[in-house]
Amino acid sequence: MIQEIHRLKKEKDAVILAHNYQIPPVQDLADFVGDSLELSRTAAKIDCTMVLFCGVDFMAETAAILSPRKDVVLPEPSARCPMAQMVTADQVREARELYPEASVVCYVNSTAEVKAESDICCTSANAISVVSSLPNRQVLMVPDENLARYVARHVDKEVIPWNGYCYVHDRFRPDDVLKARRLHPQAELLVHPECRPEVIDLADGVFSTSGMARHAKASRTSEFIIGTENGMLHRLKKEMPQKEFYPLSTDAICQNMKKTTVDKLLNSLRTGQPKVEVPEAIAVRARRAIEKMLAI
Ligand code: 13P
Ligand code: SF4
């Protein structure tokens, strides 16, 4: 199957992009593995006919919005981020009436329709820089409440959070930190900004998924407790075999990120399906919000 994937990739002029949470065999097959920001940047600049996106719906949609002339294929169409469904375009329009002075920042984990209603997009890697760059004093952030509360700690603005959350990160508790620290007293705790404030308070560092890899490489520390989805551990262990990485909780699994398999990938390469298409009327407005973010 792996040989056939390599052969078809050449024949179809395809590139495989995979998020850090994908299952190990999919990560190992990918041309590029990264966080949401890196994957959007890569999708915008790569030269190819087909992008096979191994991740969840909003990531493939973002790639399709940025590269309207490429075929963007999501091998498993039911791989959806539940948090992205926690705010609708109508709700953003209503919230704008409630907070007419506020800029609207949408986390990239949102639908294309919500991006189209927002002033600018952000990812976990750049949320603080994006919010700081805005002229308004008031900023409404959708849909992740924990990310908004994390950003609010670092900017001189009034950040109004929405009430969405990621069920994988929101499940970490201070008790998980106490247990992991007891088992690994020398380790640094790195967490994702989608974690609850009380977990962030106990962490040594807060990073996007790829930010964790960059930090661990640069750090003199050799042991880390990782407070994010556990697919991340594969990349960390592969890139730094001399260091130790432990999960903050063994339950931190995003079911949708695990739906993409090598056989689905092969099937998508063969058929060029299922394609992700965003209606141009929405894509034009969503692209504005994403490109503003990429400019920052
Ligand atoms: P990153 O952009 O940090 O990879 O996060 C994406 C995500 O879905 C986190 O749950
Ligand atoms: Fe969505 Fe959470 Fe899965 Fe990330 S880990 S894709 S935020 S459900």
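Scroll up to find the structure this text is about.
Values in this document were obtained by computation on a predicted structure and should not be read as measured data. (Residues numbered from 1 in each chain as written. Chains lettered and ligands numbered in written order. Predicted model: local features only at pLDDT ≥ 70, side-chain atom pairs only at ≥ 80, totals over all residues. Heavy atoms only, no water.)

Caption draft 1: Focus on the sheet that holds strand β7 (residues 138-142). Taken in spatial order, the 4 strands line up as β6-β5-β7-β8 in an open sheet, and their pairing is parallel. This sheet does not close on itself; its edge strands, each paired only once, are β6 (120-122) and β8 (158-161). Strand-to-strand twist of the sheet, defined as the mean angle between neighbouring strand axes without regard to direction, takes the value 30°. Both strand β5 (residues 103-107) and β7 contribute to a ladder of 4 bridges, which runs parallel. Counterpart to Val104 in the pairing with β7 is Leu140. (Pairing = 2+ DSSP bridges. Helix = DSSP H or I, 4+ residues; strand = E, 2+ residues; numbered from the N terminus. Axes fitted to C-alpha atoms, helices over the stretch in contact; angles between N-to-C directions.)

Caption draft 2: View of the site of ligand 2. In the neighbourhood of ligand 2, the contacting residues comprise Tyr21, Val56, Cys81, Pro82, Met83, Asn109, Cys166, Tyr167, Glu194, Cys254 and Met257. Grouping the constituent residues of the shell around ligand 2 by class yields 9 nonpolar, 1 polar and 1 charged. (Near = heavy atom within 4 Å. Nonpolar A, V, L, I, M, F, W, Y, C, P; charged D, E, K, R; others polar.)

Caption draft 3: Layout of the side chain of His192. Inspection of the secondary structure puts His192 in the loop between β9 (188-191) and α10 (197-200). Overall, the relative accessible area of 3% leaves His192 in the buried class. A distance of 3.4 Å separates polar atoms of two side chains, one belonging to His192 and the other to Ser124. Beyond its immediate stretch of four places on either side in the chain, His192 contacts Tyr21, Tyr107, Ser124, His169, Ile200, Val206, Phe207, Ser208, Thr209, Met212, Gly227 and Thr228. (Buried < 20%, exposed > 50% of the residue type's maximum accessible area, 1.4 Å probe, protein only. Polar contact = N/O pair within 3.5 Å; in protein donor to acceptor, adjacent residues only side chain to side chain. Contact = heavy atoms within 4.5 Å.)

Caption draft 4: Molecular detail of the sheet that holds strand β3 (residues 50-54). Strand order in the open sheet formed by 4 strands is β2-β1-β3-β4, and the pairing between neighbours is parallel. Each edge of the sheet is formed by a strand with only one pairing partner; in this case those strands are β2 (32-34) and β4 (71-73). Strand-to-strand, the axes of this sheet are offset by a mean angle of 20°, without reference to chain direction. The pairing of strand β1 (residues 14-19) with β3 spans 5 bridges and is classified as parallel. Directly across from Ala18, in β3, lies its bridge partner Cys54.

Caption draft 5: Just the side chain of Gln27, in detail. Tracing the backbone shows Gln27 in helix α2 (residues 24-29). In this structure the side chain of Gln27 is engaged in a polar contact, spanning 2.9 Å, whose partner is the backbone oxygen of Asn20. If we ignore the near neighbours within four places in the chain, the residues touching Gln27 are His19, Asn20, Tyr21, Gln22, Val33, Gly231, His234 and Arg235.

Caption draft 6: Representation of the pairing of β9. The side-chain alternation of β9 yields two buried faces, one formed by Glu188 and Leu190 and the other by Leu189 and Val191. As defined by bridge partners, β9 adjoins strand β11 (residues 223-227) across 4 bridges and the pair is classed as parallel. Paired with Leu189 across the strands is Ile225, a residue of β11. Pairing of β9 with strand β10 (residues 205-206) involves 2 bridges; the strand directions are parallel. Within the sheet, the bridge partner assigned to Leu190 lies in β10 and is Gly205.

Caption draft 7: Up close: the state of the cysteines. Taken as a whole, this structure holds 0 disulfides when the rule is applied. With no disulfide of its own, Cys54 lies 13 Å from the sulfur of Cys48, the closest cysteine sulfur. (Disulfide = S-S within 2.5 Å.)

Caption draft 8: Broad picture of the packing of aromatic side chains. The tally for this structure, following the rule as stated, stands at 1 aromatic pair. Judged by centre distance (5.4 Å) and plane angle (15°), the ring pair of Phe224 and Phe245 falls under stacked. Highlighted residues: Phe224 in strand β11 and Phe245 in strand β12 (residues 244-247), separated in sequence by 21 residues. The buried category is assigned to Phe245, whose relative accessible area is 3%. (Phe/Tyr/Trp six-rings, centres within 6.5 Å; stacked < 30°, edge-to-face > 60°.)

Caption draft 9: Main features of the nonpolar core. Membership of the largest hydrophobic core comes to 82 residues, with the highest contact counts inside it found for Phe53, Val105, Cys122, Met141 and Val191. For this core, the element with the highest residue contribution is helix α4 (residues 57-66), accounting for 7 residues. Setting aside anything within four residues of it in sequence, one finds Phe53 in contact with Leu17, Leu39, Met59, Ala60, Ala63, Val72, Val73, Leu74 and Pro75. If you look at the next biggest cluster of nonpolar residues, it comprises 17 residues, including Ala14, Ala18, Leu52 and Val262. (Core = buried A, V, L, I, M, F, W, Y, C linked by side-chain atoms within 4.5 Å.)

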